[in-house]
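Survey of secondary and tertiary structure
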Amino acid sequence: MSQDNGKSPALSSRHLLGLEGVPADEITLILDTAEAMKEILDRPIKKVPTLRGVTVVNLFFEDSTRTKLSFELAEKRLSADLINFSKSGSSVAKGETLLDTARNIEAMKVDVVVVRHQHPGVPKFLADRLTSVVVNAGDGSHEHPTQALLDMMTLRQTFGHFKGLRVAIVGDITHSRVVKSNIHGLITMGAEVMLVGPPTLMPRDVESLNVKVSHDIDEAIAWADALNVLRLQLERQKSGFLPSLREYHMTFGVTLERLAKAPKELVILHPGPMNRGVEIESAVADSGASVILEQVTNGVAVRMAVLMLLSAPEGIL
Amino acid sequence: MKPIQLPDKLLLKNVRLVDAEQNIDQPGSLLIESGVITALNTDADDATVWDLDGAVVCPGFVDMHVHLREPGFEDAETIKSGQKAAAAGGFTAVACMPNTNPALDHAGIVRWIIEEAESFPITVYPIAAITKNRAGLELTEMVELHRAGALAFSDDGGCVENTELMRRALEYSKLTGAPIIDHAEDFKLTGAGSMHESAVSTRLGLPGIPRLSEDIMTVRDVMLAEYTGGKLHLAHVSTKGALEALEDALKRGLPVTGEVSPHHLLLTDKAVESFDTSTKMKPPLREEEDRLALIEGMKRGAFAAIATDHAPHPYETKEVPFDEAAFGIIGLETALGLIWDRFVRTKVISAADMVRLFSNGPRQVLGLPEVSLTAGTPVELTVFHPDEKWVVNAKEFYTKSRNTPFNGWELIGRPWGILKGSMWAGRVTPSFK
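By convention here, each chain's residues receive numbers from 1 onward along its written sequence. As they are written, the chains are lettered A onward and the ligands numbered 1 onward, keeping that order. Residues qualify for local features only when their pLDDT is at least 70, as the model is predicted, and side-chain atom pairs are given and counted only at 80 or more; totals for whole chains, interfaces and linings, by contrast, use all residues. With hydrogens and water set aside, each side-chain value is computed from the structure's full complement of heavy atoms.

1. A closer look at the confidence of the model for chain B
Operational definition: Residue-level confidence of the predictor, termed pLDDT, takes values from 0 up to 100.
Confidence along chain B averages 97 in pLDDT terms, with 100% of residues attaining 70 or more. The complex prediction reports pTM at 0.94, with the ipTM value standing at 0.92.

2. Some remarks on the sheet that holds strand 15 (residues 256–260) of chain B
All names here are of chain B. Stated precisely, the cut-off is as follows: Here, any two strands with at least 2 DSSP bridges between them count as paired. We count a stretch as a helix when DSSP gives it H or I for four or more residues in a row; a strand needs E for two or more, and each element gets its number in order from the N terminus. Working rule for contacts: check all heavy atoms of both residues, and any pair within 4.5 Å makes them a contact. Note on method: axes are straight lines fitted to C-alpha atoms, helices fitted across the in-contact stretch only, with angles between N-to-C directions ranging 0 to 180 degrees.
One open sheet accounts for eight strands, arranged 7-8-9-10-11-14-15-16; its pairing is parallel. Each end of this open sheet is capped by a strand with a single partner; those strands are strand 7 (61–66) and strand 16 (305–306). In the sheet, strand 7 pairs with strand 8 (residues 91–96) via four bridges, with the strands oriented parallel. Considered in strand 8, the bridge of F61 is made with F91. Sitting on the sheet, helix 4 (residues 163–172) touches strand 11 (180–182) and strand 14 (232–234), and the angle it makes with strand 11 is about 140°. Where helix 13 (residues 351–358) meets the sheet, its contacts fall on strand 7, strand 8 and strand 16, and the angle it forms with strand 7 comes to roughly 50°.

3. Overview of the domain arrangement of chain B
Residue and element names in this part refer to chain B. Convention followed: Residue ranges labeled as domains rest on an automatic or database domain assignment. Buried area counts how much accessible surface, traced with a 1.4 Å probe, disappears from two parts once they are put together, with both parts' losses summed. Here, a salt bridge means any side-chain nitrogen of Lys or Arg that lies within 4 Å of a carboxyl oxygen of Asp or Glu. Here a polar contact is taken to be a pair of N or O atoms separated by no more than 3.5 Å, where protein atoms must pair a possible hydrogen donor with a possible acceptor and residues adjacent in sequence count only if both atoms sit in side chains.
The domain architecture assigned to chain B consists of domain 1 (4–57 + 375–426) and domain 2 (60–366). Using C-alpha coordinates to define each centre, domain 1 is positioned 26 Å away from domain 2. Taken together, the contacts link 35 residues of domain 1 with 51 residues of domain 2. Across the domain 1 to domain 2 interface the summed buried area is about 3500 Å²; carbon plus sulfur atoms make up 66%. The largest share of the area that domain 1 buries against domain 2 comes from K400, N403 and F406, three residues that together contribute 18% of it. Where domain 1 packs against domain 2, one counts one salt bridge. The salt bridge partner of E380 is R363, with a shortest N-O separation of 3.2 Å. Remark: the boundary between domain 1 and domain 2 carries 24 residue pairs in polar contact (both at pLDDT 80 or more). For the side of domain 1 that touches domain 2, the secondary structure elements donating two or more residues are strand 2 (9–19), strand 17 (380–391), strand 18 (410–420) and strand 19 (423–426). With nine residues, strand 18 is the single largest residue contributor to the side of domain 1 that touches domain 2.

4. A look at the interface of chain A and chain B
Which entries qualify depends on this criterion: For this classification, the nonpolar set comprises Ala, Val, Leu, Ile, Met, Phe, Trp, Tyr, Cys and Pro, the charged set comprises Asp, Glu, Lys and Arg, and every other residue, Gly included, is treated as polar.
Each partner contributes residues to the interface: chain A has 25 residues there, and chain B has 18 residues. Here chain A and chain B share an interface that buries about 1800 Å² over both sides, 59% of which is from carbon and sulfur atoms. When residues of chain A are sorted by the area they lose upon contact with chain B, H119, P120 and R204 of chain A head the list and together hold 29% of the total. Taken together, the connections running from chain A to chain B amount to two salt bridges. One can count six residue pairs in polar contact (both at pLDDT 80 or more) joining chain A with chain B. The biggest single contributor to the side of chain A that touches chain B is helix 4 (residues 122–129) of chain A, with four residues. Tallied by class, residues from the side of chain A that touches chain B come to nine nonpolar, nine polar and seven charged.

5. Quick notes on the sheet that holds strand 7 (residues 212–214) of chain A
All names here are of chain A. Ordered in space as 7-6-5-8-9, the five strands form an open sheet in which the pairing is parallel. Every interior strand has two partners, whereas the edge strands, strand 7 and strand 9 (267–269), have only one. Direction aside, the axes of adjacent strands within the sheet are offset by 20° on average. Two strands pair when backbone bridges link them, and strand 5 (residues 166–170) and strand 8 (residues 226–229) are joined in this way by four bridges, in the parallel orientation. Of the residues in strand 8, the one forming a bridge with V170 is V229. Helix-sheet contacts for helix 6 (residues 177–188) involve strand 5, strand 6 (192–196) and strand 8, and the interaxial angle to strand 6 is about 155°.

Dropping the structure here:
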């Protein structure tokens, strides 16, 4: 691991706010570290003392089940002390401001803040104002770096490399943080990315991120090595982005029938939670092509790696 | 800041006189007696002398688009603090927008604002609401409001969405001769948007406000102005599309004018990448192509005025996540320095162009008499030093709020203050000899 005299940090940033701008060698370092962590998860005693004495607060301002569980587990596996804070909603109107909440928690002497928030930029907001290390666990439609890292870890396990790998991401691109982190990470590592979805859920000038854009799921299936299928928020229909979930499934749903037409067998990822029968057919989710549960396992390993690289006391790495 | 009484007979010596109307930009002196300009380039032995060390003296600046927040939001700004900020920024007058609480939709409130402002030498011209409580449902009593002192009508911050009502507003306002100032925004297209919709908003995951939101309303309202003959003034033009609509209207001789804000001339959506909430305003910071189009438009004379859209907000409404932050930035104390340093010193526009855009340009839109540097004109003058270097530091500002994206900018050219009647108000204390 890259370090000088045990002092310089393993990563160039103190925080993990997103994958935008994270260089390839650091992504590789995180993924390599995650592989080592995964080995710990296979031991009979799944715990190491790496973060003993390090206090982590999981600051979840938005509902989350798997990301929160995954971070908690990662923290426990590393022997960190952890506290949880959950609060849906936020804002001045409801009393204490975000900054006051964060300062109060920090005053309790925590070392790492893992934050999930419905608004983009909140992790940076906290990083700019607190002395703790900040890890972004998803901020609005901005980034979700640990999700992208676990997706990439899963892809690397399957394909062994990123160079020239073709990944199609299907669904609501506009409102997805997972997409943006995946794009930054995959493009940095030399993969090709195609975004697939209806024009109403494709954000403005997204081509500027060096991705291909398609509105044809069959084209994407024919092109891709792997398909990352996004959850379609059911409220998109009500807010007028889609006429119906039925038509969405007809037009963009990933089905065995569609996959059967592909020249090769595709690997299917999904960040969860799935809407079976909407963006993905059950038969696909449960098929041999699906690596969805590997993703979940890798999620714990990736989060252990990130926490360790950012917050392990000097000399441990 | 305490206003200072001027000596009865005061010679402003060693000044640079700039006056667009007379097409002058030259060194000289100015004699003022009891609140009136009495002579140019003269030596009066019996006058008190103020040596201004090469400072510019020009017709007084009017910021025709400010939010003074009083009544209702006094933690952000008051009429008095806004007046002080105006004086410090070199403005002799401001026109204040009606999105107060209560809204400026009654003659009584208009009169109250004018009276409240009288104790300080900065004139405050109220802009009354177009619709009652700015709710977009019924017209205000425009004739009475105009008699009470309102110089224009606007639902600024909001837009009259009902096209039929906007038509009536443009028709009915003809009784007053005062313009309708248009905050052109289609709120349905804006949706939950918090920044300009572009590659940057896509990357940041912030909901976008498309150009269309401004363009469609601008085009609609220009068409309404053409059909009705009502006077329309386009506030804070920020897109190339809205600029095109404005210039097309000007070319066709329609009763349409427009203003541009310093921040739209100087910043783009790239500034939002920091998630700094002081880059959040409406209309939002657009793209480089819009910014360059606005600068070209300014050079061609498309705009009648530069106006700051000075929108103070307290710390609590800006020190929050970007999506939750209030829209608006302060501008009174940075406008002159920014335009001088970035556009006049770089010869994009002339000193006289700038003076016109800040003084008689907005006066014309508001139906106010022009001010010139000629004998017999009542004193209403802006004083700034064209060579003074400074670093923008919002902590030193007279406004009550600190929401500016220009903090830390190094500028050359700094406002000193204003002369109004027989009073001086400003950052600088005059040294009379």
